[in-house]
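Below are the chains, spelled out letter by letter.
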Amino acid sequence: MISDLMLRLSQRPEVREAFVSNAAATDLVARYVAGETASSALGVAATLEEHGLDVLLAPIGSESPSREQVHQHVDLCHETVAAARPHQGIALTPLLFGLGHGLAGARVLVREVVRAADAKGLPVILDMGPTEVVDATVQLYRELLGDHPGLGITVQAALKRTPGDLRRIALSGARVRLCAGAYGGPGAMHRRGQQADLAYVRCLRALVDSPAYAMIATHDRRLIPIAEDLIARSGRRAQDYEFQMLYGVRAIEQRRLVDTGRRCRVYIPFGPDWYDYVARRFATHPGRWLRALWRGQR
Ligand code: FAD
């Protein structure tokens, strides 16, 4: 698949170096990443909130972090919790806490951040990583849920296991985000095209029909109206679901949703170590990013 190839290429040190030292590339990144610090992300959040959007602060970092990078990331998360306002939210990616090296170490660190967020009433959602960490992430979610019933979790429509996970997870009081899935690997189906859309709609129907709070994360022009239709038929009230989109992607659609009475939450990625996040977004839409880069060079 082209996106997997692009992703492998992006991990080569020379590609990384060329990208981060290229002015057109870093200008482009600034459209999708809200700076390197919690305060820059909060500045972006304030602007979005003026337009009626909700926000989710998302500290980003290396997906295969060294011990030192894990500690820097944990510090960034604690700073973010301290600076955020309770009506906002924070997204935590267990992979960035070293989950790839085992659940034991990551569990302690994620729990501390969740506890601090809970103490100030700041909602937390766990992002979902590649297939190798899905079991561990679901286990972590279940362990934390007892003490933190408001904790949210992400499921990926591209995984064959997700309909089963939804039956077990999307219970009353749960907060569940459905996304297409940004990772390949064993157990994952296609992430683009008709099969991917069908898988998304199947999971969407299960989520909308469940008693869980539904967070619908997509920018797709066909999937959003389908979601609106399923929600209208289900009789869900406006406060029982929300759309979620990434900062910098389809900003006009984000505003349209809010202006027509829906809740739309913008995921605001930020952090000094933004490369892996950008590489993954790049791999999802390589043509779009290459065209934008090309325009920026001229
Ligand atoms: P697509 O069909 O990919 O995109 C639809 C249209 O949106 C495109 O045609 C384009 O116009 C625009 N668009 C989408 N992405 C971009 C982009 N990067 N740059 C420019 N334009 C773009 N994935 C995970 O695996 N785990 C997670 O925890 C996770 N959390 C997420 C949280 C949020 C709030 C969102 C919105 C996505 C998250 N994702 C996560 C990513 C998700 O899995 C998809 O990879 C991503 O949303 C693209 O799929 P799509 O359904 O939006 O539609």
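Attention in this report is confined to the structure presented alongside it.

Cut-offs and rules
Residues numbered from 1 in each chain as written. Predicted model: local features only at pLDDT ≥ 70, side-chain atom pairs only at ≥ 80, totals over all residues. Heavy atoms only, no water. Near = heavy atom within 4 Å. Polar contact = N/O pair within 3.5 Å; in protein donor to acceptor, adjacent residues only side chain to side chain. Areas by Shrake-Rupley, 256 points an atom, 1.4 Å probe, with all protein chains shown as cover. Helix = DSSP H or I, 4+ residues; strand = E, 2+ residues; numbered from the N terminus. Nonpolar A, V, L, I, M, F, W, Y, C, P; charged D, E, K, R; others polar. Phe/Tyr/Trp six-rings, centres within 6.5 Å; stacked < 30°, edge-to-face > 60°. Buried < 20%, exposed > 50% of the residue type's maximum accessible area, 1.4 Å probe, protein only. Patch = residues over 30% accessible without salt bridge, like charges linked within 9 Å, V, L, I, M, F, W, Y side chains within 5 Å. Salt bridge = Lys/Arg side-chain N within 4 Å of Asp/Glu carboxyl O. Lys, Arg positive; Asp, Glu negative; His and termini not counted. Charge placed at Lys NZ, Arg CZ, Asp CG, Glu CD. Pairing = 2+ DSSP bridges. Right-handed = clockwise from strand over helix to strand, strands pointing away. Expected span 1.5 Å × (residues − 1). Contact = heavy atoms within 4.5 Å.

### A few points about the site of the ligand
Logical step 1: For the ligand, the set of nearby residues contains 26 residues, the closest of which are Met-128, Gly-181, Thr-218, His-219 and His-285.
Logical step 2: At 2.8 Å from a nitrogen atom of the ligand is found a main-chain nitrogen or oxygen belonging to Met-128.
Logical step 3: Ala-182 places a main-chain nitrogen or oxygen 2.8 Å from an oxygen atom of the ligand.
Logical step 4: Surface burial for the ligand is 91%, taken as the share of its 930 Å² of free accessible area covered by protein chains.
Logical step 5: Among the elements that take part in the shell around the ligand, strand β7 (residues 241-246) stands out by supplying three residues, more than any other.
Logical step 6: Split by residue class, the shell around the ligand holds 12 nonpolar, seven polar and seven charged.

### Here we look at the packing of aromatic side chains
Logical step 1: What the rule picks out here adds up to two aromatic pairs.
Logical step 2: Aromatic side chains Tyr-241 and Phe-243 sit 6.1 Å apart centroid to centroid with 85° between the ring planes, which places their arrangement in the edge-to-face category.
Logical step 3: By relative accessible area, Tyr-241 is classed as buried at 8%.
Logical step 4: Using a relative accessible area of 0% as the deciding quantity, one classes Phe-243 as buried.
Logical step 5: With a centroid separation of 6.5 Å and 45° between ring planes, the pair formed by Trp-274 and Tyr-275 is classed as tilted.
Logical step 6: Residue Trp-274 is classed as buried on the basis of its relative accessible area of 11%.

### Thoughts on a positive patch on the surface
Logical step 1: On the surface, Arg-31, Arg-221, Arg-288, Arg-291 and Arg-295 cluster together into a positively charged patch.
Logical step 2: Take Arg-288: it is sitting in helix α13 (residues 286-297).

### Side note on the pairing of strand β1 (residues 54-59)
Logical step 1: Most of β1 sits out of view: five of its six residues are buried.
Logical step 2: Pairing geometry for β1 and strand β8 (residues 264-270), over six bridges, is parallel. Across the sheet, residue Val-55 finds its bridge partner in β8, namely Val-266.

### Overview of the pairing of β7
Logical step 1: Along β7, six of the six residues are buried, which leaves the element largely enclosed by surrounding structure.
Logical step 2: Side chains Tyr-241, Phe-243 and Met-245 project from β7 onto one buried face, and the interleaved Glu-242, Gln-244 and Leu-246 project onto a second face that is buried too.
Logical step 3: As judged from the four bridges shared by strand β6 (residues 213-217) and β7, these two strands associate in the parallel manner. Its bridge partner being in β7, Ala-217 is matched across the sheet by Gln-244.
Logical step 4: Tracing the backbone out of β6, into helix α10 (residues 223-234) and back to the parallel element β7 gives a crossover that is right-handed.
Logical step 5: Pairing between β7 and β8: four bridges, direction parallel.

### What to know about helix α9 (residues 194-209)
Logical step 1: Between its first and last C-alpha atoms α9 spans 22 Å; for 16 residues at 1.5 Å apiece the expected length is 22 Å, and the two agree.
Logical step 2: Buried residues along α9 sit in contact with α8 (162-169), β5 (175-179), β6 and α10.

### Comments concerning the environment of Arg-16
Logical step 1: Position of Arg-16 among the secondary structure elements: in helix α2 (residues 13-20).
Logical step 2: It is 34 Å that separates the C-alpha atoms of Arg-16 and Val-176, two residues lying 160 residues apart in sequence.
Logical step 3: Aside from chain neighbours lying at most four places away, what touches Arg-16 is Ser-10, Asp-273, Tyr-275 and Asp-276.

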